[in-house]
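Each chain is listed here by its residues.
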Amino acid sequence: MLRLKNLDKVFTTEEVETTALSKINLEINEGEFVAIMGPSGCGKSTLLNIIGLLDSPTSGEYYFGEQEVSRFTERQRAQLRKGSIGFVFQSFNLIDELTVFENVELPLLYLKIPAAERRQRVEEVLERMNIMHRRNHFPQQLSGGQQQRVAISRAIVAKPRVILADEPTGNLDSANGEEVIKLLTQLNQEGTTVVMVTHSPYDASHAHRIVNLFDGKIVTENVKERFHV
Amino acid sequence: MLRNYILVALRNIRKQKFFAFINIAGLAIGISVCLLVYLYVTDELSYDRFHRGYGNIYRIGLHGRLAGQEIYTSNSSLPVGPAAVSDIPGVEEMVRLFPIGGSTGVAFRYEDHVFSEPRVFGADSNFFSFFSFELLRGDARTALKEVNSVVITEALARKYFGSDDPIGKIITIGNDKWPCKVTGVTRGAPANSHIQFNAIISFATIEKTYWPGWTGNSIYTYLRKNPQTSVEQINAGLAELVRKHVGKELEEGLGINFDEFLKQGGIYSYMVYPMADSHLYSQFRDDMEPSGDISHVYIFSAIGLFVLLIACINFMNLSTARSVGRAKEVGLRKTFGSVRSQMIFRFLAESVVYSLLAMMLALIATYLVLPWFNELAGKSLTFWHLLRFSFLGISLVLALLVGIIAGSYPAFYLTSFEAVNVLKGKLQAGAKSKGIRSALVVLQFAVSAFLIVATLVVYRQLEYMQDKDLGMDQHQVIQVRNTRRLGGNQKAFRQEAEKITGVELASFTSNVLPGVNNTTVFRVRGVNQDFLAGKYYADYNHVQLMKLKMKAGRFFSPEFATDSSAVVLNEAAVKEFGLENPLEAYIIDFNDEVPDTLRVVGVVSDFNFESLKTHVRPLVIRLADVSHNLLVRYSGNPQTVVSGLEELWRRLGEGEPFSYTFMDQDFDELFRAELRMRNIFLVLAGITLFIACMGLFALASFTTEQRTKEIGIRKVLGAPVYTLALLLTREFTVLVGVALVPALLMGWYFGRQWLQNFTYRTAIGAEVYLVASLLALVIAWVTVSYQALKAARANPAHSLRYE
């Protein structure tokens, strides 16, 4: 469902050109769980940003489903992004001024979903993530694990086809990390495509496939197990 | 080390051009306003202080109350000065100034040079030794001794004699054609003198034309007192003189003795006041030049300091707003062992560099706006005022002071960060001061919006006054002045003038509108009470020419031979005199040699012959066949009419100067004060609005910086750019909205108060407040939108990466 062909990303400042990604060819199927690994600065986050339609490539093609999206405008990308992709960040990225409920509600607001339905869907997700009792708290009042559960709630509340997770366990202790990975695995089993950037071989071991990046190039792709469609 | 600091500061400026520009421009405006105010205030305070021993020079003013009207005038009578010197111990010397020619000026003739010169005075012979006006030629002690002597300014000498030696030349002066010998040339009065003159004629020349009585007050008297003598002693002496001399004259004129006059509530009292106070502190009116007002000095000073303070605060705000960026640098430097005091010094040095740059800009700006400021403030300051050592010194001190004050907050605040926290990114920079800054922005916008309302109110009233129907038609009327210069040809001039193409009608009057130059005591026959009313003379055509309406009776007519002892009143006079049947009444005019009893033949509808600030005053019109001014109503091109009149004047006037004005322009002159006020408000509104925008800009850049992460998150979640821009703008809209409430209320209140000054005033509708609100909001939006759009369009990937 995601297909990258000969994709390059070059950052240009006044004097220097830095190639972040070079000739990336990658295909991610519907329902797959892919882990992207590699050392710091190898281009993992850049790749994830492009997959997540936050950034556009310098050259190459990117098919999101059937659509070629690499030349999409900011507005078109935002349009596609908000219904189809959920994000989970290492540092949670919750808005401090909003409550748990309001944070999770945000994507639905931008999808212009009526209030009653929003309420129902947010509550469903919070219930599922076992964080309902914290619905009126602010992010600072929660533990790291709880914050990441809120962030995941927010990522899935709009029922996206893809979840992109950028080192989702990086700021968590092992117990909470374990729980987050379990949640992602569970979501994947229910049919959501998951792409996860990680440093942790243990986390990566939950994925169907591991993509190793080095200096902006894909060096290996080892399929741990064929997933069943 | 210092060189290094300055280098880094300059590099920072180059790196952040826009921010640096805003910051320096803002400071420059603040300093520039401050410098202009300094120039203005020092000039105002310097008035008349260039005379030797100015502290002992006093003027005689008159406080009187007559027929219920209170008068404070800087005029005095002819004999009071000499009597003070001879009768009051401690009064050492006096000098008197006799204005000649009034607003039209005096005719000066030398060969074929004939001009009407304003600001001509007669003066006692000690004028140039009493005052310190510089005499370039001639002897200060003897120049004004002889009859028919005149001392002229350099400029006048050049005008009449070119490069010839003016001394000894004869100028023929005035309607009486005094042949005056030039006995001296003076540099003239500096701009900061309340006495401004073009020529001084010896007292001996003009003595006969002035009435020597104690109750005719039309001249200016100056005394030099002994430093040991008190003001009270002199005033007591003056009171004694009044009792002795004025009493007698009042008895002859009004028929009551002085005690009775006092008992009826009358006051007639001469009093002295320091000459140096004339410009700013005087309550005495009718001075030769329009005076200043100390309250303006206070207001201007306050505004100057206020603007500077706000500019400084904005400077701090902008610097602090950027502290997030600088904080990292501080943290790093601290980590590598920099000492806090060193860094404080560095930040201060940077801020001083900014303020010095701002000062240079401010000096240039001040120089550029000076001519324009002169017009606004009614001054004649020049570039040389800027180059004075004291001024440059003050500028430099100001720059250093501003730099240190404005830099202190960022310096101390930024360097107080703990290195560890900064590097970990835990910093909530300036979060605690956000409330204060929001309050500041509210204050700034409140002031701006208030000034916008004020400008609009003044503007509306001006428009109203200029369009108001005055009860007469002041348009398309030329006032030919001083027709006495035509001698026996006056009547011929009127007859011939009416034949000029475009001239519809011509009519003589003793008075030039707007205003009435003669206010006189009247009585109604059979009633023992004084009334004050304006009085002027006019010929038969007056009502027709001015398009006045008759309320009752008739205007003067050649069919009635007895009209020379008739009067026409306006409605206000009928009311003031309490006349039930005005057309059967007689009134007595006390201004003539013997009181004149006059029959009322008509009542003219009230018309605004003065300003719209007052109710129409009682007015008495008498008949004169010829008089000092000829009103000419015309149609068509005024230029052809004027050249026709000028041509005619040249034929009949025997080389006398021709002077004229347009009546509607003379009326517009009345609004000069309001016009100036509108302009000052306009400028202030502009400056405060600009400064408020700077404050808002600082706050907006700070807030967007604070909210970068939130904006990034919202964007990732699919928020379109416009909703984000709206989100950021909303906060500031609320601030401006909050500011508008007190601003509009104050504008409404003070606008109403100010309009109370006018008897005839415009109505201020809701649209004024609406316009002011919209203007403030739109300007705020434009200011904020730059930041908001920038933040909203930024790639969220960047703002979320560095956590």
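### Some thoughts on the overall build of chain B
If you tally the helices and strands in chain B, you get 25 helices and 25 strands. With respect to the principal axes defined by its C-alpha atoms, chain B has extents near 105 × 60 × 60 Å. Within chain B, the proportion of its 803 residues that are buried is 52%. Restricting to contacts in chain B with at least 6 residues of sequence separation, those with at least 24 account for 80%. Carbon together with sulfur atoms contributes 58% to the accessible area of chain B, which is approximately 36400 Å² in total. Measuring between centres, the 79 positive side-chain charges of chain B sit 16 Å from its 71 negative side-chain charges.

### Thoughts on helix α1 (residues 44-51) of chain A
All names here are of chain A. Along α1, seven of the eight residues are buried, which leaves the element largely enclosed by surrounding structure. All of the buried residues along α1 are Lys44, Thr46, Leu47, Leu48, Asn49, Ile50 and Ile51. Positive backbone phi, at 65 degrees, marks Leu53, one or two positions downstream of α1.

### Quick look at the packing of aromatic side chains
Given two aromatic rings, their pairing is described by the distance between the two centres and the angle made by the two planes. Residues and elements named next belong to chain B. Going through the model one piece at a time under the given rule, you end up with 35 aromatic pairs over all chains. A ring pair is formed by Phe131 and Phe133, whose centres lie 5.6 Å apart and whose planes are at 55 degrees; its orientation type is tilted. Across the pair, Phe133 and Phe131 agree in class, each one buried. Seen from their ring centres, Phe555 and Phe556 are 4.7 Å apart, and the 55 degrees between their planes marks the pair as tilted. A relative accessible area of 9% places Phe555 in the buried class.

### A word on the interface of chain A and chain B
Tallying the contact residues gives 20 residues for chain A and 17 residues for chain B. Summed over both sides, the interface between chain A and chain B buries roughly 1700 Å², with carbon and sulfur atoms accounting for 57% of that surface. Among the residues of chain A in contact with chain B, Leu54, Asn93 and Tyr110 of chain A are the three that bury the most area, contributing 30% of the side total. For the interface between chain A and chain B, the tally reads three residue pairs in polar contact (both at pLDDT 80 or more). Within the residue set of the side of chain A that touches chain B, elements represented by two or more residues are α2 (74-84), β6 (85-89) and α3 (100-110) of chain A. Residue contributions to the side of chain A that touches chain B peak at four residues, all from α2 of chain A.

### A few points about the nonpolar core
Residues and elements named next belong to chain B. One finds Phe445, Met472, Met546, Phe556, Phe607 and Ile621 to be the most contacted residues of the largest nonpolar core, which totals 81 residues. Tallying contributions element by element places helix α15 (residues 434-467) first for this core, with 14 residues. Judged by nonpolar contacts, the second largest core, of 47 residues, contains Ala9, Val353, Ile691 and Phe697.

### Looking at the pattern of salt bridges
Any two side chains of opposite charge can pair if their charged atoms end up close together. Counting across every chain of the model gives 44 salt bridges over all chains. Here Glu123 of chain A ties to Arg119 of chain A by a salt bridge, and the two come within 3.6 Å at their closest N and O atoms. Here Glu123 of chain A and its partner Arg119 of chain A are both found in helix α4 (residues 115-128), four residues apart, which amounts to about one turn of the helix. Between Arg65 of chain B and Glu70 of chain B there is a salt bridge; the shortest N-O distance is 2.8 Å.

### Here's the deal with the sheet that holds strand β2 (residues 17-28) of chain A
All names here are of chain A. Spatially, β2-β1-β4-β5 is the arrangement adopted by the four strands of the open sheet, whose pairing is antiparallel. Only two strands of the sheet have a single neighbouring strand rather than two, namely β2 and β5 (67-68). Note: strand β1 (residues 2-12) against strand β4 (residues 59-64), five bridges, orientation antiparallel. Opposite Lys5, over in β4, you have Glu61 as the bridge partner. Together, β1, β2 and β4 form the strand contacts of α1, whose direction differs from that of β1 by roughly 120 degrees.

### A word on the confidence of the model for chain B
For chain B, per-residue confidence averages 86 on the pLDDT scale, and residues scoring 70 or more make up 96% of the total. Our summary of model confidence lists the complex with pTM equal to 0.73 and ipTM equal to 0.79.

### Quick notes on the environment of Thr221 of chain B
All names here are of chain B. With respect to the helices and strands, Thr221 occurs in strand β13 (residues 217-225). Residue Thr221 is classed as buried on the basis of its relative accessible area, which comes to 1%. Looking at Thr221, its side chain comes within polar contact range of the side chain of Ser76, at 2.6 Å.

### Here's the deal with unusual backbone geometry
With an omega dihedral of 0 degrees, the bond running from Leu513 of chain B to Pro514 of chain B counts as a cis peptide bond. Within the fold, Pro514 of chain B resides in the loop between β16 (503-509) and β17 (519-524). One non-glycine residue, Leu53 of chain A, lies in positive phi territory at about 65 degrees. Position of Leu53 of chain A relative to the elements: it lies in the loop between α1 and β4. Overall, the relative accessible area of 1% leaves Leu53 of chain A in the buried class. Despite not being glycine, Lys177 of chain B shows a phi value in the positive range, around 55 degrees. Along the chain, Lys177 of chain B falls in the loop between β10 (170-173) and β11 (178-186).

### A look at the environment of Leu630 of chain B
All names here are of chain B. For Leu630, the location among the structural elements is in strand β24 (residues 629-634). Taking the C-alpha atoms as reference points, Leu630 and Val477, 153 residues apart in sequence, are found 10.0 Å from one another. Those residues within four positions of Leu630 in sequence are excluded, and the remaining contacts are Ile478, Gln479, Val480, Thr483, Phe493, Arg494, Ala497, Ala506, Ser507 and Phe508.

### Here's the deal with the environment of Gln76 of chain A
One can find Gln76 of chain A in helix α2. C-alpha of Gln76 of chain A to C-alpha of Leu53 of chain A: the two residues are 23 residues apart in sequence and 9.6 Å apart in space.

### Examining the packing of helix α23 (residues 721-755) of chain B against helix α24 (residues 766-793) of chain B
Residue and element names in this part refer to chain B. The contact between α23 and α24 brings their axes to 8 Å, and the two run at 155 degrees. By the criterion of interaxial angle, the relationship of α23 to α24 is roughly antiparallel. For the pair α23 and α24, the crossing hand works out as right-handed. In this structure, α23 contributes Val721, Leu724, Ala725, Leu728, Thr729, Phe732, Thr733, Val736, Leu740, Leu744, Gly747 and Trp748 to the contact, and α24 contributes Tyr769, Ser773, Ala776, Leu777, Ala780, Trp781, Val784, Ala788, Leu789, Ala791, Ala792 and Arg793. Considering only residue class, the contact of α23 with α24 consists of 19 nonpolar, four polar and one charged.

Each value, and the rule that gives it
Residues numbered from 1 in each chain as written. Chains lettered and ligands numbered in written order. Predicted model: local features only at pLDDT ≥ 70, side-chain atom pairs only at ≥ 80, totals over all residues. Heavy atoms only, no water. Helix = DSSP H or I, 4+ residues; strand = E, 2+ residues; numbered from the N terminus. Buried < 20%, exposed > 50% of the residue type's maximum accessible area, 1.4 Å probe, protein only. Contact = heavy atoms within 4.5 Å. Areas by Shrake-Rupley, 256 points an atom, 1.4 Å probe, with all protein chains shown as cover. Lys, Arg positive; Asp, Glu negative; His and termini not counted. Charge placed at Lys NZ, Arg CZ, Asp CG, Glu CD. Phe/Tyr/Trp six-rings, centres within 6.5 Å; stacked < 30°, edge-to-face > 60°. Buried area = accessible area lost by both parts, 1.4 Å probe. Polar contact = N/O pair within 3.5 Å; in protein donor to acceptor, adjacent residues only side chain to side chain. Core = buried A, V, L, I, M, F, W, Y, C linked by side-chain atoms within 4.5 Å. Salt bridge = Lys/Arg side-chain N within 4 Å of Asp/Glu carboxyl O. Pairing = 2+ DSSP bridges. Axes fitted to C-alpha atoms, helices over the stretch in contact; angles between N-to-C directions. pLDDT = per-residue confidence, 0-100. Parallel < 35°, antiparallel > 145°, perpendicular 65-115°, else oblique. Left-handed = near helix turned anticlockwise from the far one by under 90°. Nonpolar A, V, L, I, M, F, W, Y, C, P; charged D, E, K, R; others polar.

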